[in-house]
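These are the residues of each chain, in order.
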Amino acid sequence: MQAINKAISGLNPPIAIFIIGSLARGEFVMGMSDIDLMVIVSGEPPFRAKVIGSPLGDVEVMVYTLDEFCKHHTDNNIMLESLRIGIPIISDPEELMKQCKR
């Protein structure tokens, strides 16, 4: 969790965070895989993507606004993956979709 907190520092409080990629699929290989995070925030983020190092491997963060997520969750592979197999850290797919309907 410390690596996640470091990776999202500087963002407004996230609406949702999902672990995606090899870790979510159960294919993570220590020393070879990175940790992929999709983060949803309200308002324009100060960065769209960044990679930080951690003892478990690099943490790659992809940031989207709630509006972007709501508009593109059916045609963006990262967003689709987060809804299908993502491991929710904050929120869950059902709650996130409720926010899109508001």
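Residues numbered from 1 in each chain as written. Predicted model: local features only at pLDDT ≥ 70, side-chain atom pairs only at ≥ 80, totals over all residues. Heavy atoms only, no water.

### Digging into the overall build of the chain
Across its full length, the chain holds 5 helices and 5 strands. Walking the chain from its N terminus toward its C terminus, one meets helices and strands in the order α-β-α-β-β-β-α-α-β-α. Taking 2.2 N^0.38 as the reference for a compact globule, 102 residues should give roughly 13 Å; the C-alpha atoms of the chain span a radius of gyration of 13 Å, in line with that estimate. Burial analysis of the chain (102 residues in total) assigns 44% to the buried set. Taking contacts inside the chain between residues at least 6 apart in sequence as the whole, the part at least 24 apart equals 59%. For the chain, the computed accessible surface area is about 5,700 Å², with 54% contributed by carbon and sulfur atoms. (Helix = DSSP H or I, 4+ residues; strand = E, 2+ residues; numbered from the N terminus. Rg over C-alpha atoms; globule rule 2.2 N^0.38 Å. Buried < 20%, exposed > 50% of the residue type's maximum accessible area, 1.4 Å probe, protein only. Contact = heavy atoms within 4.5 Å. Areas by Shrake-Rupley, 256 points an atom, 1.4 Å probe, with all protein chains shown as cover.)

### Examining the environment of Gly-53
Note that Gly-53 resides in the loop between β3 (49-52) and β4 (59-65). Under the relative-accessibility criterion, Gly-53 is labelled partly exposed at 45%. Placed 35 residues apart in sequence, Gly-53 and Pro-88 show a C-alpha to C-alpha distance of 21 Å. With residues up to four places along the chain from it excluded, the contact list for Gly-53 reads Lys-6 and Asp-58.

### Quick notes on the environment of Ser-91
On the secondary structure map, Ser-91 appears in the loop between β5 (87-90) and α5 (93-101). C-alpha of Ser-91 to C-alpha of Phe-18: the two residues are 73 residues apart in sequence and 8.4 Å apart in space. Each residue touching Ser-91, except ones within four places of it in the same chain, is listed here: Ile-15, Ala-16 and Leu-96.

### A short note on the state of the cysteines
Applying the stated criterion to the full structure yields 1 disulfide. Shown here is the disulfide that connects Cys-70 with Cys-100, its sulfur atoms set 2.1 Å apart. As the torsion about the S-S bond is roughly -90°, the Cys-70-Cys-100 disulfide counts as left-handed. In this pair, Cys-70 sits in helix α3 (residues 66-72) while Cys-100 sits in helix α5, placing the two residues 30 residues apart along the sequence. Classification of Cys-70 by relative accessible area gives partly exposed; the value is 21%. (Disulfide = S-S within 2.5 Å.)

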